[in-house]
Amino acid sequence: MCITAMAFLFRNPKSRYWHAGWKDENGKRINRSTHIPAKETKQSRKDAQKVADEYESATRKAKSAKLVRQTLAELHKDILGDDAPTATITEYSKRFIEFKAGETSEKGVRYYELCIQRFLNWLGTRADYDIARFTSADIIRYRNELLKTVAPSTATNQIKALKAMFRMAHEEGMCLENPASSIKLSKKSSSTQERRAFKVDELKSLLEVATGEWKSMIIFGLYTGQRLGDLATLRWSAINLESNEVRFLTRKTSHSILQPIAEPLREHILTLDAGENPTAYIHPILAHLYEKNGSGNLSNQFGDLLAACGIKKKAPHRKKAAGRSGKRETSLVSFHSLRATAVTLMHEAGIPASMVEEWVGHESKEVNRRYVKHGYEALKNATSKLPNIIISNGER
């Protein structure tokens, strides 16, 4: 019978804290400080031993789980004559994505890819561990780390993707249980504040600072009210200048929207180089960034434009700074504010709500009301003034 040695304590000459020593599941000795940063009081030997025992207990549990997997693998080979299937979580994630490609949309596959890649990045070197080694504690730690940097709704979507992958792995016998099955998903809203519409002087500042594709995106956003991803990936084939229409297939709702092209937008489109390929992106640089990284990178770029205009504070780019990898504060202005601006202007122009809903693609009157900013300073003859903003900034 193998007797596991208990964790022991020793002093490190370079530290005033006790250190613990124990052996991992492979028999390799591990040394760790027993100091708990959150507790600044003087540490007794008794308290240090408790921490050391917790270290050793966690290792013993991991070793026990490994023995269970080895036993099951041996039974599998004895009964079926072949080795039990194994895979690292990185390897299995690729298999899962391939499986999803055969049963869901391209958008859905991309969603799973982004969610799972984010998890693998968080794991670091542990992404090469056998998928069977992961427990609910790993998923809980990941969820809690997510909640430090993203909105609860985003964290919920990330965990849902992991639930689906581990559920499939469990059904295929790759792991003893689905470690994500019992993880609670947050139902809290990240903020009760809503994004506001832009003011005319803010739009002027944006168009003065923005150049190239971003300037074009702002004009498209203002005169179509569509979302960042839908505009970034808009293709020339969606625009028909003869019928003066533009068609969107929204990524969020998969709804098809046919819009008449506003005259200021038409004038802007005529200044762009359409090329000879109708399937080409109108904004190719931003489109490729979106397809590769999702909306996060583009949102940060637009945030920098807002900061350059003095509309919001600039988020620092340092790795651990709040606003990049730290907890993001909900901003009242973002690219989505162009959508709010478009809807507000149409309402202030006296256009019926039902027509605005159809124009912008809102799913219901309840959703539509979130974007109507009653009491917002009326913009006198807004639809005729906005073209002047564009013209004055060299569009024609």
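Residues numbered from 1 in each chain as written. Predicted model: local features only at pLDDT ≥ 70, side-chain atom pairs only at ≥ 80, totals over all residues. Heavy atoms only, no water.

**Quick look at the side chain of Thr 233**
Position of Thr 233 among the secondary structure elements: in the loop between α8 (228-232) and β4 (239-240). At 2.7 Å, the side chain of Thr 233 and the backbone oxygen of Gly 229 are in polar contact. Setting aside residues up to four positions removed in sequence, Thr 233 forms contacts with Arg 251, Tyr 281, Ala 287, Tyr 290 and Glu 291. (Helix = DSSP H or I, 4+ residues; strand = E, 2+ residues; numbered from the N terminus. Polar contact = N/O pair within 3.5 Å; in protein donor to acceptor, adjacent residues only side chain to side chain. Contact = heavy atoms within 4.5 Å.)

**Observations regarding the sheet that holds strand β6 (residues 256-260)**
A sheet is described by the order of its strands in space; here three strands give the open sequence β4-β5-β6, paired in antiparallel fashion. Strands with a single pairing partner mark the edges of an open sheet, and in this sheet they are β4 and β6. Across two bridges, the pairing between β4 and strand β5 (residues 245-249) is antiparallel. Looking at the pairing, Ile 239 lines up with Val 246 of β5. (Pairing = 2+ DSSP bridges.)

**Considerations on the pairing of strand β1 (residues 8-11)**
Judged from the four bridges that link them, β1 and strand β2 (residues 18-23) form a sheet pairing that is antiparallel. Following the sheet pairing, Phe 8 is matched in β2 by Gly 21. Hairpin geometry of β1 and β2 is characterised by an intervening segment of six residues between the two adjacent antiparallel strands.

**Let's talk about the sheet that holds β2**
The three strands are arranged β1-β2-β3 in an open sheet whose pairing can be described as antiparallel. Of all strands in the sheet, those bounded by a partner on one side alone are β1 and β3 (29-33). The sheet shows a mean angle of 35° between the axes of neighbouring strands, direction not considered. (Axes fitted to C-alpha atoms, helices over the stretch in contact; angles between N-to-C directions.)

**Re the confidence of the model for the protein**
Within the protein, residue pLDDT values average 75, and 68% of them lie at 70 or more. At the low end of the mean pLDDT range in the protein sits helix α15 (residues 382-392), at 39; at the high end sits β4, at 93. Taken together, the stretch residues 318-328 has pLDDT below 50 and engages in 24 contacts with residues farther than four places along the chain or on a different chain. Here residues 391-396 is modelled with pLDDT under 50, and outside its nearest four sequence neighbours on either side it reaches nine contacts, counting other chains as well. (pLDDT = per-residue confidence, 0-100.)

**A few points about the packing of aromatic side chains**
Within the structure shown, the criterion is met by nine aromatic pairs. Summarising the aromatic geometry, the rings of Trp 122 and Tyr 142 are spaced 5.1 Å apart at their centres and angled 50° between planes, so their arrangement reads as tilted. One end of the pair, Trp 122, is in helix α3 (residues 106-123); the other, Tyr 142, is in helix α4 (residues 136-149), with 20 residues separating them in the sequence. The exposure class of Trp 122 is partly exposed, given its relative accessible area of 29%. Judged by its relative accessible area of 2%, Tyr 142 falls in the buried class. (Phe/Tyr/Trp six-rings, centres within 6.5 Å; stacked < 30°, edge-to-face > 60°. Buried < 20%, exposed > 50% of the residue type's maximum accessible area, 1.4 Å probe, protein only.)

**A word on the nonpolar core**
Ranked by internal contacts, the top residues of the largest apolar core, which has 38 residues, are Phe 198, Leu 206, Trp 214 and Phe 302. Those elements that place two or more of their residues in this core are α6 (200-209), α7 (212-224), α8, β5, α9 (263-269), α10 (284-293), α11 (295-308) and α12 (336-348). For this core, the element with the highest residue contribution is α7, accounting for seven residues. Once you skip the residues sitting within four places of it in the chain, Phe 302 turns out to touch Phe 198, Leu 206, Trp 214, Ile 218, Ser 334 and Phe 335. Of all hydrophobic cores here, the second largest spans 33 residues; its members include Ile 89, Tyr 92, Met 168 and Ala 169. (Core = buried A, V, L, I, M, F, W, Y, C linked by side-chain atoms within 4.5 Å.)

**Some remarks on the packing of α3 against α4**
The packing of two helices is summarised by the inter-axis angle and the distance between the axes. Between α3 and α4, the least distance of the axes is 11 Å, while the angle of their chain directions is 105°. Judged by the inter-axis angle, α3 sits roughly perpendicular to α4. Between α3, through Cys 115, Arg 118, Phe 119 and Trp 122, and α4, the contact on the second element is made entirely by Asp 138, Ile 139, Arg 141, Tyr 142, Glu 145, Leu 146 and Thr 149. Of the residues belonging to the contact of α3 with α4, the class tally is six nonpolar, one polar and four charged. (Parallel < 35°, antiparallel > 145°, perpendicular 65-115°, else oblique. Nonpolar A, V, L, I, M, F, W, Y, C, P; charged D, E, K, R; others polar.)

**Remarks on the pattern of salt bridges**
Counted under the stated rule, the structure contains five salt bridges. Residue Glu 202 pairs with Arg 196 through a salt bridge whose shortest N-O separation is 2.7 Å. Within this structure, Arg 126, Asp 138 and Arg 141 form a network of salt bridges that share partners. (Salt bridge = Lys/Arg side-chain N within 4 Å of Asp/Glu carboxyl O.)

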